[in-house]
Amino acid sequence: MHNQLQYISQGNTVEEQLYNIHKALDNGCEWIQMRFKKNYSDDTFTLAETVKMLCKEYSATFIINDNVYLAKQLDADGVHLGLSDMSVEEARLILGKTKIIGGTANTFEDVLQRTAENCDYIGLGPFQFTTTKQNLSPILGLEGYRSIIGRMKAKNIQIPIYAIGGITLENVESLMKTGIHGIAVSGLITQTENASQLINQLNHKLYVTI
Ligand SMILES: Cc1ncc(COP(=O)(O)OP(=O)(O)O)c(N)n1
Ligand SMILES: Cc1nc(C(=O)O)sc1CCOP(=O)(O)O
Ligand SMILES: [Mg+2]
């Protein structure tokens, strides 16, 4: 089963990205999604190659946002795909059965679609407003998660759900009580001045509330 905490990287340069990813790994994150929203360049390849090495050193899972071909080239552990990215079916053909393919969902109908597509997990959001991503879908709030997870249970759908979007430490307990499997966070870990304490607290809240 996948780790309950996924760190989504941030940074406008390779150096910023590496600093942030190193900080997350050094302080106990075991799952990194490299999210470098630039047009593909040599920089992207260099960054991904380095992050792959770092994740190996820390025995962490390494997935790449959007870029299935890069994940294939580097033999990464997987990818995360949004609703307008490459289809899960095509990604599965390229990456094979054993790699992780995560998919975004914003509604219950998206969850049904992602389940039918055989994603390994779903990033369901946004929980609340965030500046990390532009053009957000409507905010779900706690009630949105309760409703979607209730409808999943009624249909016996068991795919792991990760909440995403503007999550803070104070939100984790109530989010976990809705029945999600875990959380994906970016700004929270990137901006903290005490990553060790924060990640310990996050892991504790994730673990005890399951
Ligand atoms: C875990 C997780 N959930 C959702 C997303 C968002 O993916 P997407 O909709 O493709 O948006 P971008 O991240 O590509 O801007 C995610 N990255 N991770
Ligand atoms: C990458 C992403 N996708 C979202 C979605 O709702 O699909 S919200 C989001 C940003 C997550 O970063 P933070 O923890 O800083 O809010
Ligand atoms: Mg995407």
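Quick caveat, the model's predicted, so the values are computed rather than measured.

What counts, and at which threshold
- Residues numbered from 1 in each chain as written.
- Chains lettered and ligands numbered in written order.
- Predicted model: local features only at pLDDT ≥ 70, side-chain atom pairs only at ≥ 80, totals over all residues.
- Heavy atoms only, no water.
- Helix = DSSP H or I, 4+ residues; strand = E, 2+ residues; numbered from the N terminus.
- Rg over C-alpha atoms; globule rule 2.2 N^0.38 Å.
- Buried < 20%, exposed > 50% of the residue type's maximum accessible area, 1.4 Å probe, protein only.
- Contact = heavy atoms within 4.5 Å.
- Areas by Shrake-Rupley, 256 points an atom, 1.4 Å probe, with all protein chains shown as cover.
- Lys, Arg positive; Asp, Glu negative; His and termini not counted.
- Charge placed at Lys NZ, Arg CZ, Asp CG, Glu CD.
- Donors = N, O, S within 2.8 Å, 3.2 Å for Na, K, Ca; no water.
- Near = heavy atom within 4 Å.
- Polar contact = N/O pair within 3.5 Å; in protein donor to acceptor, adjacent residues only side chain to side chain.
- 1 Å grid on protein atoms, 1.4 Å probe; cavity = no way out; pocket = protein on both sides within 12 Å on 5 of 7 lines; lining within 4 Å.
- Sits in = over half its atoms within 2 Å of the grid points.
- Nonpolar A, V, L, I, M, F, W, Y, C, P; charged D, E, K, R; others polar.
- Core = buried A, V, L, I, M, F, W, Y, C linked by side-chain atoms within 4.5 Å.
- UniProt positions renumbered as here; feature names shortened; annotations may be inferred.

Enquirer: What should I look at first to understand the overall build of the protein chain in this one?
Expert: What the protein chain contains, in helices and strands, is nine helices and eight strands. Compactness check: the protein chain gives a C-alpha radius of gyration of 16 Å against a globular reference of 17 Å for 210 residues, within 12% of the reference. Seen through its principal axes, the protein chain has C-alpha atoms that stretch 45 × 40 × 30 Å. Expressed as a percentage of the 210 residues in the protein chain, the buried residues total 51%. Residue pairs at least 24 apart in sequence account for 55% of intrachain contacts in the protein chain once pairs closer than 6 positions are excluded. Split by element, the accessible area of the protein chain, about 10500 Å² in all, is 48% carbon and sulfur. Taken as two groups, the 18 positive and 22 negative side-chain charges of the protein chain have centres that lie 7 Å from each other.

Enquirer: For this particular structure, what's the right way to read the coordination of the magnesium ion (ligand 3)?
Expert: Each pair of donors in an ideal four-coordinate tetrahedral metal site encloses 109.5 degrees, whereas pairs in an ideal six-coordinate octahedral site enclose 90 or 180 degrees. The magnesium ion (ligand 3) binds to the protein through Asp 66 (OD) and Asp 85 (OD); the donor distances cover 2.0 to 2.2 Å. With Asp 66 in the loop between strand E3 (61–65) and helix H3 (68–74) and Asp 85 in the loop between strand E4 (78–81) and helix H4 (88–95), this residue pair connects regions lying 19 residues apart in the sequence. Among the residues examined, Asp 85 registers a relative accessible area of 30% and is labelled partly exposed.

Enquirer: Mind showing me how you'd approach the site of ligand 1 here?
Expert: If you check the shell around ligand 1, you find 16 residues, and the closest are Arg 35, Lys 37, Gly 82, Asp 85 and Thr 104. In this structure, Arg 35 approaches ligand 1 through a side-chain N or O atom, which is 2.8 Å from an oxygen atom. At 3.3 Å, a side-chain N or O of His 80 approaches a nitrogen atom of ligand 1. Within the complex, 90% of the 420 Å² of free accessible area of ligand 1 lies under protein. Under a 2 Å grid-point criterion requiring more than half of the atoms, the pocket assigned to ligand 1 is the largest pocket. Counting only elements with at least two residues in the shell around ligand 1, the list comes to strand E1 (5–8) and strand E6 (121–124). Here the shell around ligand 1 is composed, by residue class, of four nonpolar, seven polar and five charged.

Enquirer: What is the right way to look at the nonpolar core in this model?
Expert: Note on soluble globular proteins: their nonpolar side chains tend to be buried together. Leu 5, Ile 32, Leu 124, Met 152, Ile 180, Ile 183 and Ile 189 are the most contacted members of the largest nonpolar core, which totals 61 residues. Those residues in contact with Leu 5 that lie beyond four places of it in its chain are Cys 29, Trp 31, Ile 183, Val 185, Ile 189, Ile 199, Leu 202, Asn 203 and Leu 206.

Enquirer: I'm lost on the UniProt feature "domain: Thiamine phosphate synthase/TenI" (unreviewed entry) in the protein chain in this one. Help?
Expert: Residues annotated in UniProt with the feature "domain: Thiamine phosphate synthase/TenI" (unreviewed entry) correspond here to residues 15–186. A helix fraction of 41% and a strand fraction of 18% characterise residues 15–186, whose end C-alpha atoms lie 17 Å from each other.

Enquirer: Which parts of the structure should I look at to understand the environment of Gly 141?
Expert: Mapped onto the elements, Gly 141 comes out in helix H6 (residues 141–154). Residues Gly 141 and Pro 126 lie 15 residues apart in sequence; the distance between their C-alpha atoms is 7.8 Å. Apart from residues no more than four positions distant in its own chain, Gly 141 is found in contact with Pro 126 and Phe 127.

Enquirer: What am I meant to see in the site of ligand 2 here?
Expert: Around ligand 2 sit 13 residues in total, of which Thr 130, Thr 132, Gly 166, Ser 186 and Gly 187 are the nearest. In this structure, an oxygen atom belonging to ligand 2 sits 3.2 Å away from a side-chain N or O atom of Lys 133. When the free accessible area of ligand 2 is taken as 420 Å², the share hidden by the protein chains comes to 94%. Taken atom by atom, the bulk of ligand 2 overlaps the largest pocket.

Enquirer: What is the right way to look at the UniProt feature "binding site: Mg(2+)" (unreviewed entry) in the protein chain in this model?
Expert: Using the residue numbers shown here, the UniProt feature "binding site: Mg(2+)" (unreviewed entry) corresponds to Asp 66 and Asp 85. Over a stretch of 20 residues, the named residues converge on one spot in the fold, their C-alpha atoms separated by at most 6.3 Å. Residues that both appear in the annotated list above and line the largest pocket are Asp 66 and Asp 85. A residue is classified by how much of its surface remains accessible, and Asp 66, at 25% relative accessible area, is partly exposed. A polar contact is formed between the side chain of Asp 66 and the side chain of Lys 37, at a distance of 2.5 Å. Among the polar contacts made by the side chain of Asp 85, one reaches the main-chain amide nitrogen of Gly 82 at a distance of 2.5 Å.

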